Amino acid sequence: MSKTPTIQVKNLSRHFSVHDKKPGLKSSITSLFHRPKRIVKAVNNVSFDIKEGELVGFIGPNGAGKTTTLKCLSGLLYPTKGKISILDFNPWQRKKEFLRQIGFVMGQKNQLWWDIPPQETFLLNKAIYEIDNKAYKERLDFLIDALDIKKEISIQTRKLSLGQRMKCEFVAALIHSPKIVFLDEPTIGLDVVMQDKIRDFIRDYNKEFKATIILTSHYMKDVQALCKRLIIIDKGKLYYDGDISKLKNGLTNKKLLTLTFKEEVSKDKLEKFGKLTKFEQLRATILVDRKKTSTIAAQALKELPITDLNIEDIPLEQTIKEVFQR
Amino acid sequence: MLVSFFILFYFWAAVSETNQGVGSYTRPQLYAYFIVGYVIRTLVFSTRTGDIGGAITSGDLSKHLLRPLSVLKFFFTRDLVDKLFNIFFMIFEFAFILFILKPQMILPSPKNLFYFLSLLVLAIVIFFFYSLVVSLATFWTDQAWSHRWLFGVVLVNIFSGQAIPLDLLPTPIFNILKFTPFPYLYYYPVKFWIDDSLNASFLPLFIQSLLILLVLFFLSRFFWKKGLIKYQGYGN
Ligand SMILES: Nc1ncnc2c1ncn2[C@@H]1O[C@H](COP(=O)(O)OP(=O)(O)OP(=O)(O)O)[C@@H](O)[C@H]1O
Ligand SMILES: [Mg+2]
């Protein structure tokens, strides 16, 4: 592994100017002469480094600037400010040697040609990326096997289901063995089984090929299962960059205590133990201080008609929700 | 394509019926003007560069930009392949037209055929870069198609001479048009097919075509470079 980071992002900003247009004919006409402009800072002064072989989760709420960042990293968008260096290339120049080494999977946009079977898109890519026969065959066999799509690749793309198409998108984006892979919500809209499969695939791919991967997703399970490191952005700004486990422990020093009762218990009786986050007839969840968990649990067992008791960490999803609500 | 051709053809046939020709054009010349023009239309005006404009507004351009392949070269090559196919089908259509209309066609001398073909090749490349420039202007507009419709279709249809031989227009208009790409797309190439009245000015016209091509070429490079900075990569 090399010491210099594979991906270096320094003070990256990307602004968009948007025209606010009110509905109606009158404003349509006035907007011909005067169009009020507004600047959206989609990415605002973001810096991070990523080392070779890392699999980093890149998360944030809708409109946080994740996709915009990935588009800057892949050379699609011109950065308003800042520097990006990937494998010592400036992505914006879109040098062939650079483009050959990256792959981009976008969950909501297809790169496969709509009218032909995926198989033929792969062949087209083989020609474009100048992959030799042997490497192509090995690679294709590996991908087909890992994703289990022997049959689908010869069916016209428009006829494939979302999940089937998604798997083929992966093949198209990875057939040239990119060292850097950007995955923008690759599991969006997929059922749970398929999400698991894609997840396994990403993990294996990262291990097998030492590929550097940036993954965005709104499913915390994705990042939790795959990534050691998390980068969080919100409203274009970097919010957190570090270990996923530290985020879990560091940001919240609380645990969740879930109690099941024999008979109904009044709300007041429960609230003295801690903040009530969920309250059903025979079941309640209480947020308690991490350090006091055992004493509180013992006390509750003594005072309440409890049949079952469960202590767990706060799910990452909820942690992040709290972070963004602050 | 074939239908609009027949409408045009019959219109001009009807006009020339009454007075044995229009302006300086005899009937066989007028026939040739539109029948040969049909060849030009299938070869010159059949370009899919307009797709780039659509790809810019939809964000589909990203797919092209990600690949280690010059996007403009890709579109140019695709057009060339399209045109080769077109030639193949055109031969049949052309035979069909001749068979149906059995017009008294004028055939050019070998020299004029050479002039015609050289201008035809230039016209193909000129129109590629012309539509490219029009398409790339989409980087600066939000309207997906209005300017492409105006510049890519309407103006070209009127001012290239597809509908009316340009020297039948008022002279000042024709003189202005000489400084635009339009007459070099249709009017001049066909003109060399139907008679030798312009033979003396072939070289200046050829050079003028070439200059217009160069201007469009550099303009398209410039638009491409500047436009990509503006590119918003919509979608997703
Ligand atoms: N082409 C554009 N023109 C104007 N504004 C844009 C453009 N692209 C993105 N934006 C704005 O930039 C911000 C960031 O968008 P971006 O797509 O990067 O978010 P995201 O983090 O990927 O969100 P999501 O999770 O919903 O995919 C949003 O406010 C969006 O409206
Ligand atoms: Mg996004």
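Just above, that's the structure.
Residues numbered from 1 in each chain as written. Chains lettered and ligands numbered in written order. Predicted model: local features only at pLDDT ≥ 70, side-chain atom pairs only at ≥ 80, totals over all residues. Heavy atoms only, no water.

Undergrad: Explanation requested: the nonpolar core in the structure shown.
TA: Generally speaking, a soluble globular protein has its nonpolar side chains buried in company with each other. Ranked by internal contacts, the top residues of the largest apolar core, which has 106 residues, are I7(A), L73(A), F182(A), V44(B), L61(B) and W224(B). The element contributing the most residues to this core is helix α6 (residues 110–136) of chain B, with 17 residues. Once residues within four sequence positions are removed from consideration, I7(A) is found in contact with F48(A), D49(A), I50(A), L73(A), S85(A), I86(A), I180(A), F182(A), T212(A) and I214(A). (Core = buried A, V, L, I, M, F, W, Y, C linked by side-chain atoms within 4.5 Å. Buried < 20%, exposed > 50% of the residue type's maximum accessible area, 1.4 Å probe, protein only. Helix = DSSP H or I, 4+ residues; strand = E, 2+ residues; numbered from the N terminus. Contact = heavy atoms within 4.5 Å.)

Undergrad: Just checking my understanding: could you explain the interface of chain B and chain A for this structure?
TA: When the parts of a complex come together, some accessible area is lost, and that lost area is often taken as the interface size. Contacts between chain B and chain A engage 22 residues on the former and 29 residues on the latter. Of the roughly 2300 Å² buried where chain B meets chain A, counting both sides, 57% is carbon and sulfur surface. Counting across the chain B and chain A interface gives 1 salt bridge. The partner of K109(A) in a salt bridge is D60(B), with the nearest N and O atoms 3.7 Å apart. Listed by contribution, the elements that provide at least two residues to the side of chain B that touches chain A are α4 (61–65), α5 (71–101) and α10 (202–230) of chain B. Per-element accounting of the side of chain B that touches chain A gives the leading share, 4 residues, to α4(B). When the residues that make up the side of chain B that touches chain A are grouped by side-chain class, the tally is 10 nonpolar, 8 polar and 4 charged. (Buried area = accessible area lost by both parts, 1.4 Å probe. Salt bridge = Lys/Arg side-chain N within 4 Å of Asp/Glu carboxyl O. Nonpolar A, V, L, I, M, F, W, Y, C, P; charged D, E, K, R; others polar.)

Undergrad: Looking at this structure, how should I read a nonpolar patch on the surface?
TA: All names here are of chain B. Taken together, the side chains of V81, L84, F85, I87, F88, F89, I91 and F92 define a hydrophobic patch exposed on the protein surface, amounting to about 850 Å² of accessible area. Following the sequence through the fold, F88 ends up in helix α5. Overall, F88 belongs to the partly exposed group, its relative accessible area being 48%. (Patch = residues over 30% accessible without salt bridge, like charges linked within 9 Å, V, L, I, M, F, W, Y side chains within 5 Å. Areas by Shrake-Rupley, 256 points an atom, 1.4 Å probe, with all protein chains shown as cover.)

Undergrad: What is the right way to read the sheet that holds strand β13 (residues 306–313) of chain A from this model?
TA: Backbone-to-backbone hydrogen bonds join strands into a sheet, with any given pair of strands oriented parallel or antiparallel. All names here are of chain A. Within the open sheet, the 4 strands sit side by side as β11-β12-β10-β13. Their pairing is antiparallel. The two strands at the open ends of the sheet, each matched to only one other strand, are β11 (275–279) and β13. With strand direction ignored, the average angle separating the axes of adjacent strands in the sheet is 25°. Here β11 runs beside strand β12 (residues 283–289); their pairing, made up of 4 bridges, is antiparallel. Within the sheet, the bridge partner assigned to K278 lies in β12 and is T285. Across the sheet, helix α11 (residues 293–303) lies against β10 (254–261), β12 and β13, angled at about 165° from β13, the strand it touches most. (Pairing = 2+ DSSP bridges. Axes fitted to C-alpha atoms, helices over the stretch in contact; angles between N-to-C directions.)

Undergrad: Hey, could you run me through the site of ligand 1 in this one?
TA: Residues in contact with ligand 1 amount to 16 residues; listed here are only the nearest, N62(A), K66(A), T67(A), T68(A) and H218(A). Those residues lying near ligand 1 are distributed over chains A and B. Within the backbone of G65(A), a nitrogen or oxygen atom sits 2.8 Å from an oxygen atom of ligand 1. Side-chain polar atom of H218(A) to an oxygen atom of ligand 1: 2.7 Å apart, as the coordinates give it. When residues in the shell around ligand 1 are grouped by element, the largest group, 3 residues, is from helix α2 (residues 66–73) of chain A. In the shell around ligand 1, the residues fall into 7 nonpolar, 7 polar and 2 charged. (Near = heavy atom within 4 Å. Polar contact = N/O pair within 3.5 Å; in protein donor to acceptor, adjacent residues only side chain to side chain.)

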